[in-house]
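Working through the structure, step by step
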Amino acid sequence: MSRLPAEAEIVIIGGGIIGCSVAYHLTKLGKKNVLLLERKQLTSGTTWHAAGLVRGMLYTKNLTQLAQYSLDLYTRLEAETGQATGLKQNGSISIAANPERWEEIRRGASMARAFGVEVEEISLDRAQELWPLMRVDDLTGAVFFPQDGQVNPADTTMALAKGARMGGATILEHCKVTGIEMKGGRPVGVTTSEGNVKTEIVINCAGMWAHEVGRWAGVDVPLHAAEHYYLVTEAMDLPKNLPVLRNMDAGAYFKEDTGKILFGGFETKAKPWGMDGIPEDFCFDELPEDFEHFQPVIEGAMHRVPILAETGIRKFFNGPESFTPDQRYLLGPAPDVENYWVAAGFNSIGIQSAGGAGMALAHWIVEGHPPLDLWDVDLRRMQPHQNRKSYLVTRVSEALGLTYAMHWPYRQFETARNIRHTPLYARLKEHGACFGELAGWERPNWFANPGQEPKYQYSFGRQNWFENAAAEVHATRTAVGLYDQSTMAKFLVTGKDAEAALQYVSAADMAVPDGKSVYTQWLNERGGIEADLTITRLGRERFLIMTAAATAVRDMSWLKRHIPAGLTVGIEDVTSAIAILGVMGPNARALMQSVSADDFTNAGFPFGASKVVTIGSVEARATRISYMGELGWELYVPAEFAIALFDTLMAAGGPHGLKLCGMHAMDALRIEKAYRHWGHDITEEDTPIEAGLAFAVAYDKAVPFLGREALLKQRAEPVLKKRLVQFALNDPDPILYHNEPIYRNGKLVGTTSSANYGHHLGSAIALGYVVEEGGVTPDYVASGEWEIEIGLKRFSARASLRPMYDPTSARMKV
């Protein structure tokens with residue numbers, strides 16, 4: 001008799017720690033008919049050889065919350081299941097061997113405190129007291145995280161598996177999934193080595209195999225395995241309460257392991273593995289030793305812990321582990337396949353993330369939305385080209401090493417570049433553009449001066465392009481700046497029901513005349529902002545949607561899934577077909593009038609209007625909007641005419657003070673104007689009311705929109721407890737980046753969501769949510785003494801609910 005059930009409501013593919021965590025949490029939410037299938041044995045892929053480090057802090061607020069949840073879960077799993085996890089919370093120490101790393105660690109410590117993580121700046125003497133085998137004479141500083149520690153990965157996985165079985169789940173080992181049956185764009189079953197199982201929901205937790213498992217259903221899961229190493233010493237006399245030690249300058253970590261030291265690391269250039277596939281019999285396998293490749297990390301470890309040079313090595317371990325193109329794991333629904341979910345690609349933080357990630361995904365599946373904003377790890381942030389093996393192999397060689405590399409602001413990936421170019425790429429390169437990469441696009445971030453190399457020199461202070469961006473901001477504020485905005489995603493929505501569909505999905509009123517551009521948000525049923533975009537009506541049944549390059553896949557997926565049933569609507573991604581040039585600044589009108597016979601006066605071309613015009617010999621659609629807070633037009637033109645349009649504007653721009661400008665200048669300009677950025681300042685957790693965007697909501701339009709009832713309920717509340725506030729430091733020198741703690745009258749009340757230097761306003765500017773039970777009122781904001789913490793030091797700031805630059809938007813509408 002087959003042990004395989006005929007059907008299951010949910011099938012989980014993969015029996016590592018994340019698969020078992022998802023199963024465990026699904027049963028906690030009342031799901032009993034859960035089937036987990038493992039091709040060999042539980043933990044036999046990557047989990048079994050993980051180092052088992054757990055810490056309470058990750059890169060962002062919400063990922064930190066998930067890591068903290070994992071820690072809390074692991075402290076109670078043994079009591080619940082009777083299965084030990086091996087948890088030891090001896091804390092962890094992060095050390096810095098130079099001022100730059102010390103700045104990074106202190107900024108991280110400030111962020112950790114703001115997110116509720118216990119952290120202490122400690123003296124070097126105290127660091128050596130906690131870790132007596134460590135050399136400290138050449139260190140700059142150290143911080144201590146008392147709640148961090150380590151677990152036994154295999155035991156923790158078994159505890160989660162036992163908890164899942166106790167909750168009703170079925171877990172089968174030695175049952176290989178061989179395919180996914182699809183019908184109507186969704187899974188209806190899985191095929192296995194023991195037969196077929198009908199199912200409604202498939203969850204891909206297959207680790208290194210997740211890329212292949214994704215392809216069975218036409219789902220992109222961009223990850224690839226790389227060799228990952230650690231060494232275990234012979235036994236020595238060690239304190240049992242030794243904290244985990246992170247020496248990121250040497251790319252190494254250290255932990256006590258049953259009387260031995262286990263130390264591993266992240267070499268600068270990794271070795272991808274499995275390019276020809278993973279062996280069929282792979283199970284608890286190890287890869288060949290490679291002392292030569294890992295030698296730099298070994299030497300750094302011996303320098304920091306000198307006794308290692310005198311101690312024998314019992315084990316050199318090399319095992320494969322999967323990494324993603326941007327070092328963030330992959331979580332959430334597939335963009336184009338219903339009821340297909342992914343939790344994979346954990347980039348060496350799988351043990352500390354598994355508890356929280358499993359909890360979040362379970363809630364997402366059962367409740368229809370995640371318990372908190374998870375854009376940082378959302379599978380839908382990935383682009384199709386990132387799933388190609390040639391891309392992944394190249395990028396993984398860099399991504400692994402960046403785990404412990406300096407996390408510089410604005411740091412750019414160096415590998416797998418020049419994948420996507422706008423039509424203007426060559427022209428911009430000739431003019432000194434320094435390109436950054438986003439969603440595969442090469443975008444001009446700043447323009448070098450003659451004789452200056454267009455290359456980043458990173459720091460936490462004013463980087464080498466600071467003055468370049470300042471000049472670009474100045475040109476936009478006082479003359480005219482020219483921006484290549486072609487990388488924006490563009491969707492053409494057509495059909496007899498196009499207006500009705502967009503009316504339901506959009507918070508603003510889309511029943512506007514032809515040639516009108518509308519700024520709007522797409523909301524979820526809770527009133528949270530799922531997308532922030534501009535929609536232009538081209539005709540009775542034609543609309544053009546403009547959104548960010550990074551959110552193209554997510555926004556397209558959201559739109560397709562939320563068009564009411566029965567409506568006839570066509571949706572086409574026309575991003576590559578259309579180039580965009582932004583002409584922005586007080587001299588924009590004069591420049592446009594000099595190259596076109598069309599009427600660009602305020603009366604003839606009011607704000608928000610969109611018209612087809614002729615510029616030189618090129619016909620383009622000009623839309624009068626601006627993300628920079630100045631008079632300006634976005635010019636949409638078929639890609640093949642982009643160079644001619646660019647050349648025309650450049651040739652005529654001299655008398656008007658035209659200057660090429662990049663993305664860094666654009667971001668500085670928008671933050672001075674307090675324009676929001678989706679994914680930072682506005683997310684699915686934030687409503688337009690909280691974000692100060694209620695002006696864009698049409699509560700009483702003919703078609704009630706998704707999220708309307710939630711907003712009406714919030715609008716009726718006596719006070720607003722959470723609001724987005726703009727801040728400017730009073731000291732012109734410090735630099736803000738985001739995630740800095742915000743204090744009012746000495747009390748922690750929030751964190752910055754995005755930041756940049758306000759070159760026109762003369763100091764660093766930030767946006768951030770402030771939370772106060774009594775209400776974040778204008779008086780509350782005006783009467784407080786505000787401070788923002790940078791690297792454990794507080795700086796005074798001024799706060800405002802209105803934009804500090806041109807609060808009435810008079811400059812855009814002149």
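First things first, this report covers the structure right here in the doc. (Residues numbered from 1 in each chain as written. Predicted model: local features only at pLDDT ≥ 70, side-chain atom pairs only at ≥ 80, totals over all residues. Heavy atoms only, no water.)

The number of helices and strands found in the protein is 18 helices and 37 strands. Relative to the 2.2 N^0.38 estimate, which gives 28 Å for 814 residues, the radius of gyration of the protein is 27 Å and therefore close to what a compact globule would have. Principal axes of the C-alpha set define a box for the protein whose edges measure 80 × 65 × 55 Å. When the 814 residues of the protein are sorted by exposure, 62% land in the buried category. Of the roughly 29,500 Å² of accessible surface on the protein, 50% is carried by carbon and sulfur atoms. Side chains of the protein carry 80 positive and 96 negative charges; the gap between the two charge centres is 4 Å. (Helix = DSSP H or I, 4+ residues; strand = E, 2+ residues; numbered from the N terminus. Rg over C-alpha atoms; globule rule 2.2 N^0.38 Å. Buried < 20%, exposed > 50% of the residue type's maximum accessible area, 1.4 Å probe, protein only. Areas by Shrake-Rupley, 256 points an atom, 1.4 Å probe, with all protein chains shown as cover. Lys, Arg positive; Asp, Glu negative; His and termini not counted. Charge placed at Lys NZ, Arg CZ, Asp CG, Glu CD.)

With that settled, consider helix H14 (residues 588-595). Buried within H14 are the following residues: Ala588, Arg589, Leu591, Met592 and Val595. What you see down the axis of H14 is that its buried residues fit within an arc of 165 degrees, all on one side. Residues of H14 that are buried sit in contact with strand S21 (480-484), strand S27 (578-584), strand S28 (610-615), strand S30 (632-638), helix H15 (642-653) and strand S31 (658-661). (Arc of directions from axis to C-beta. Contact = heavy atoms within 4.5 Å.)

Under the defined criterion, the tally for this structure stands at 49 salt bridges. Glu541 serves as the salt-bridge partner of Arg540, at 3.3 Å between the closest nitrogen and oxygen. Its salt-bridge partner being Asp667, residue Arg670 comes within 2.9 Å of it at the nearest N-O pair. Here Arg670 and its partner Asp667 are both found in helix H16 (residues 663-672), 3 residues apart, which amounts to about one turn of the helix. Taking relative accessible area as the criterion, Arg670 reaches 1% and is therefore assigned buried. (Salt bridge = Lys/Arg side-chain N within 4 Å of Asp/Glu carboxyl O.)

Moving on, we get to the sheet that holds strand S36 (residues 786-790). The antiparallel closed barrel is built from 6 strands, whose spatial order is S32-S35-S34-S33-S36-S37. Strand-to-strand twist across the sheet, computed as the mean angle between neighbouring axes with direction ignored, equals 40 degrees. Across 7 bridges, the pairing between strand S32 (residues 722-729) and strand S35 (residues 763-771) is antiparallel. Among the inter-strand pairings, Ala728 is bridged to a residue of S35, identified as Ile765. (Pairing = 2+ DSSP bridges. Axes fitted to C-alpha atoms, helices over the stretch in contact; angles between N-to-C directions.)

Strands sit in the order S5-S6-S4-S13-S14-S15-S12-S16 across an open sheet of 8 strands; the sheet is mixed. Among the strands making up the open sheet, the edge pair consists of strand S5 (120-122) and strand S16 (313-323). Going from strand to strand, the sheet's axes swing by 25 degrees on average, the running direction of each strand aside. Relative to strand S6 (residues 141-145), S5 runs antiparallel, the two sharing 3 bridges. Residue Ile122 lies in a different strand from S6, and its bridge partner there is Ala142. Helix H7 (residues 291-304) rests against strand S4 (92-96), strand S12 (224-233), strand S13 (244-247), strand S14 (252-257), strand S15 (260-265) and S16 of the sheet, and its axis sits at about 125 degrees to S15.

Along the chain, Phe435 falls in strand S19 (residues 433-438). We classify Phe435 as buried; its relative accessible area is 13%. When the C-alpha atoms of Phe435 and Asn445 are compared, they prove to be 5.5 Å apart, with 10 residues separating the residues in sequence. When neighbours within four sequence positions are excluded, Phe435 is seen to be in contact with Arg417, Tyr425, Leu428, Lys429, Glu442, Arg443, Pro444, Asn445 and Tyr456.

This part is about the packing of aromatic side chains. Geometrically, a pair of aromatic rings is defined through the distance of the ring centres and the angle of the planes. Summed over all chains, the structure comprises 32 aromatic pairs. Ring centres 5.6 Å apart and planes at 50 degrees place the aromatic pair Trp273 and Phe282 in the tilted group. Look at Trp273 and you get buried, because its relative accessible area is 15%. Judged by relative accessible area, Phe282 falls into the buried class, the value being 1%. With 6.4 Å between their ring centres and 80 degrees between their planes, Tyr456 and Trp465 make a pair best called edge-to-face. Three or more aromatic residues joined by ring pairs form one cluster here, namely Trp408, Tyr410, Trp446, Tyr456, Tyr458, Phe460, Trp465 and Tyr737. Seen from the ring of Phe145, Arg55 lies directly overhead, with NZ or CZ sitting 5.4 Å from the centre. If you follow Arg715 out to its NZ or CZ, it ends over the ring of Tyr699, 4.0 Å from the centre. (Phe/Tyr/Trp six-rings, centres within 6.5 Å; stacked < 30°, edge-to-face > 60°. Lys NZ or Arg CZ within 6 Å of the ring centre and 35° of its normal.)

Okay, the nonpolar core next. Core analysis: the biggest nonpolar cluster contains 49 residues, and Ile12, Ile203, Tyr329 and Leu361 have the highest contact counts within it. If you list the elements that add at least two residues to this core, you get strand S1 (7-13), helix H1 (17-28), strand S2 (34-37), helix H2 (61-81), helix H5 (153-166), strand S11 (195-204), strand S18 (340-344) and helix H8 (350-367). The element contributing the most residues to this core is H8, with 9 residues. Setting aside residues no more than four positions away along its own chain, Ile12 makes contact with Gly19, Val22, Ala23, Leu26, Val34, Leu35, Leu36, Leu37, Ile203 and Cys205. (Core = buried A, V, L, I, M, F, W, Y, C linked by side-chain atoms within 4.5 Å.)

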